[in-house]
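# Structure at a glance
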Amino acid sequence: MSNLVLFWHRRDLRVRDNLGLSYAQSRANLLVGCFCFDPQILHRDDISPIRLHYLLGCLQELQQHYQHLKHPFLLLQGQPEQVIPDVARDLGAIAVVWNRDVEPYSQLRDRRVTEGLNERGIEVKTVWDQLLVAPEAIHTQAGNPYTVYTPFWKNWQGQKKLNPVSDLQPGEGLTQSQKKALDRVEVIDFPSLKDWGYSEPEKLFITPGERAAQRQLEEFADRSLETYEQQRNTPSIDGTSKLSAALKLGAIGIRRIWQTTQEAIGKAASDRTLKNIQTWQQELAWREFYQHVLYHFPELADGPYRSPFKCFPWDNNPQQFQAWCEGKTGYPIVDAAMRQLNTTGWMHNRCRMIVASFLTKDLIINWQWGEQYFMQHLIDGDLAANNGGWQWSASSGMDAKPLRIFNPATQAQKFDPEAQYIRQWLPELKSVQTKDLVTGNIPPLVRQACNYPLPIVNHNQQQREFKQRYQQVKENLSSRVEL
Ligand SMILES: Cc1cc2nc3c(=O)[nH]c(=O)nc-3n(C[C@H](O)[C@H](O)[C@H](O)COP(=O)(O)OP(=O)(O)OC[C@H]3O[C@@H](n4cnc5c(N)ncnc54)[C@H](O)[C@@H]3O)c2cc1C
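All values derive from a computational prediction rather than experimental measurement. (Residues numbered from 1 in each chain as written. Predicted model: local features only at pLDDT ≥ 70, side-chain atom pairs only at ≥ 80, totals over all residues. Heavy atoms only, no water.)

## Considerations on the pairing of strand β3 (residues 73-77)
Rule in force here: Type-normalised accessible area, obtained with a 1.4 Å probe on protein chains alone, sets the label of each residue: buried when under 20%, exposed when over 50%, and partly exposed for intermediate values. By the criteria applied, helices consist of DSSP H or I runs no shorter than four residues and strands consist of E runs no shorter than two, each listed in order from the N terminus. What makes two strands pair is DSSP finding at least two bridges between them.
In terms of residue burial, β3 counts as a mostly covered element, since four of its five residues are buried. Examined bridge by bridge, strand β2 (residues 30-37) and β3 share five bridges and lie parallel to one another. Directly across from Phe-35, in β3, lies its bridge partner Leu-75.

## Quick notes on the UniProt feature "site: Electron transfer via tryptophanyl radical" (unreviewed entry) in the chain
We apply this condition: UniProt positions are given in the numbering used here, feature names are shortened, and annotations may be inferred rather than shown by experiment. Of the two site types, the cavity is a set of points on a 1 Å grid over the protein atoms alone where a 1.4 Å probe fits but cannot get out, and the pocket is an open set with protein on both sides within 12 Å along at least five of seven lines, each lined by residues with an atom within 4 Å of a point. Pairs of residues are marked as contacts when any of their non-hydrogen atoms sit within 4.5 Å.
According to UniProt, the positions carrying the feature "site: Electron transfer via tryptophanyl radical" (unreviewed entry) are Trp-314, Trp-367 and Trp-390. Put simply, the named residues that line the largest pocket are Trp-390. Its location among the elements puts Trp-314 in the loop between α12 (271-296) and α13 (318-326). The class of Trp-314 is buried, set by a relative accessible area of 14%. If near-sequence neighbours (up to four positions away) are discounted, Trp-314 is found in contact with Phe-309, Thr-360, Ile-364, Ile-365, Asn-366, Trp-367, Phe-466 and Arg-469. The topology assignment puts Trp-367 in helix α16 (residues 367-377).

## Observations concerning unusual backbone geometry
Backbone geometry places Asp-17, a non-glycine residue, at a positive phi of 45°. You can see Asp-17 is positioned in the loop between β1 (4-9) and α1 (19-27). One non-glycine residue, Ser-395, lies in the positive phi region at around 60°. Mapped onto the elements of the fold, Ser-395 is located in the loop between α17 (383-394) and α18 (408-415).

## Notes on the layout of surface pockets
Stated formally: Grid points are joined across faces, edges and corners, and a volume is the space filled by probe spheres set on the points. Classification used: nonpolar for Ala, Val, Leu, Ile, Met, Phe, Trp, Tyr, Cys and Pro, charged for Asp, Glu, Lys and Arg, polar for all others including Gly. Segmentation into domains, and thus their bounds, comes from an automatic or database assignment.
Within this model, the largest pocket holds a volume of roughly 1100 Å³. The element that contributes the greatest number of residues to the lining of the largest pocket is α12, accounting for seven residues. Considered class by class, the residues forming the lining of the largest pocket number 16 nonpolar, eleven polar and ten charged. Domain assignment of the residues forming the lining of the largest pocket places at least three in each of domain 2 (131-164 + 210-296) and domain 3 (307-480).

## Some details on empty space enclosed by the protein
Taken as a whole, this structure holds seven cavities of 30 Å³ or more when the rule is applied. In this structure, the largest cavity occupies an estimated 510 Å³ of space. In terms of lining residues, the largest cavity is bounded by 28 residues, among which Arg-10, Ile-41, Leu-55, Lys-248 and Leu-249 are the most central. Going through the elements one at a time, β1, β2, α2 (39-42), α3 (49-68), α5 (104-119) and α10 (244-249) are the ones with two or more residues in the lining of the largest cavity. For the lining of the largest cavity, the residue count by class is 14 nonpolar, four polar and ten charged.

## Here's the deal with the pairing of β2
Where burial is concerned, most of β2 is hidden: eight out of the eight residues are buried. Side chains Leu-30, Val-32, Cys-34 and Cys-36 of β2 all project onto a buried face; the interleaved residues Leu-31, Gly-33, Phe-35 and Phe-37 project onto the opposite face, where all are buried too. Relative to β2, β1 runs parallel, the two sharing six bridges. Residue pairing across strands places Leu-4 opposite Leu-30, the latter belonging to β2.

## Some words on the sheet that holds strand β4 (residues 95-99)
What counts is decided by this rule: For every element, the axis is a line fit to its C-alpha atoms; helices are fit only across the contacting stretch, and the angle between N-to-C directions ranges from 0 to 180 degrees.
The strand order across the open sheet built from five strands is β3-β2-β1-β4-β5, with neighbouring strands paired in parallel fashion. Strand pairing shows two members of the sheet lacking a second neighbour, β3 and β5 (123-127), which therefore form its edges. Strand-to-strand, the axes of this sheet are offset by a mean angle of 25°, without reference to chain direction. Here β1 pairs with β4 via four bridges, running parallel. The residue bridging Val-5 from the neighbouring strand is Ala-95, located in β4. Strands in contact with α3 are β1, β2 and β3; relative to β2, the strand with the most contacts, it is inclined by about 165°. Strands in contact with helix α4 (residues 80-91) are β1, β2, β3 and β4; relative to β1, the strand with the most contacts, it is inclined by about 155°.

## A word on the domain arrangement of the chain
Using the following cut-off: Summed over both partners, the accessible area (1.4 Å probe) lost when two parts come together is defined as the buried area. Salt bridge, as used here, is a side-chain nitrogen of Lys or Arg placed within 4 Å of a carboxyl oxygen of Asp or Glu.
In terms of domains, the chain is made up of domain 1 (1-129), domain 2 (131-164 + 210-296) and domain 3 (307-480). Relative to domain 3, the C-alpha centre of domain 2 lies at a distance of 26 Å. Listed per partner, the contact involves 16 residues of domain 2 and 19 residues of domain 3. Contact between domain 2 and domain 3 buries roughly 1700 Å² in total, counting both sides, with carbon and sulfur atoms accounting for 65%. When the buried surface of domain 2 facing domain 3 is broken down by residue, Asn-233, Pro-235 and Tyr-290 rank first, second and third, together holding 35% of it. In this structure, Lys-248 engages Asp-382 in a salt bridge whose closest nitrogen and oxygen atoms are separated by 3.8 Å. No other element matches α12, which puts five residues into the side of domain 2 that touches domain 3. Of the residues that constitute the side of domain 2 that touches domain 3, the class distribution is six nonpolar, seven polar and three charged.

Laid out in structure tokens, this is it:
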């Protein structure tokens, strides 16, 4: 088949504003899309059924788009380093194109796939689609990768960013001989979660697919972007975009999102509005910051950035960890947040910071336990953002100054003063007084009557304990390593 180009979708499940796909189409007389279910990913211990469910929903819509636009789409299964080169060879592809990724496993896998394709004499073309600025494109004045967000943001903000690229255009349909050649490829039927041993979550709280992601972006831009800074820290308000799952799996292009912010800036009628939009842009930059650092420091995936933390004396009490997971710590704001996660697969950012601080600094449990639990339950679970968020919360990451310890009561008083969020996720406490809910000072008899646990630790005592251990680790190792 002349000038057949195979496009390999991975975390870019869309036909609109897809840089690699747009390039592939420009090279092809016949474009074939594919997705490969990789057993190495499917059987990892950081998989969440809800994220897989979301992925299948995105994939279903992607397949429909391909069908509608008359391009073949192949669902494959197996080790990509074997499957992709073999399929490309069987199809007689002149090139295979994909969008690059920052994760260490993806990089290794992609190198192997590239080798396999090179051995078969097939061209490989890869581009950065999921980032507005490529990791190799910016560095400090000394020529090093950034390890601190603020100078990163200053540089990143000034970089030129691409506009959305052209959507996938309709193909001409297949000739008989092209159909025959495609029939030779071993494809799989559309799978279900049960095929991989996962039970189907009852409900998805975020609709999968690029149509839904686009709608979500438009609604957020109309409804909340101009008030983002004021509302983003109030978990009872729907004040953030909830685009994280779509961004993780590429149901929406980052260029389209950036363009929306630029258009909003163009229309902004006040400095205050401008500030709100820029704050959201800064969150998008946090996403890129964490991807850049993971790309440059792949060892982050395996443990703390600050090496003294490798031997931090954690308590790692399994019963307390279980109570944290189930939302039964006796601290209402922490428990409400964990119940939101367990029910919906999503948690508000403010609450992610509160529960992460509680796990690491109140329970003194290794942040990697929390990191894994989040990956196993989040619909938007993403190695770079999750690892970055956990290391930030544990003070083991790049930006560890000052040592932050969140007081759950102060956080609830500030960000859930009417206890609306707490009541939503802890219905057993509905009739408890607001001031008791936010301070967490619920009398023991009331707790008993509501079947709600006593606090499993004392916050003040634990924060003193954590500070002491932190100081010790610092002193013991400061002669060898700067903490
Ligand atoms: C302990 C911890 C774990 C986290 N784990 C993840 C994760 O696995 N996946 C994930 O996407 N985000 C993670 N975050 C970041 C953040 O909480 C979520 O991105 C955000 O809550 C998603 O909601 P939203 O789409 O409404 O965000 P919005 O406030 O609308 O922000 C827009 C987008 O910017 C990005 N973003 C926003 N804040 C951050 C941030 N702090 N770090 C990186 N990217 C950000 C996300 O892609 C988000 O969708 C974590 C944060 C913490 C503290």
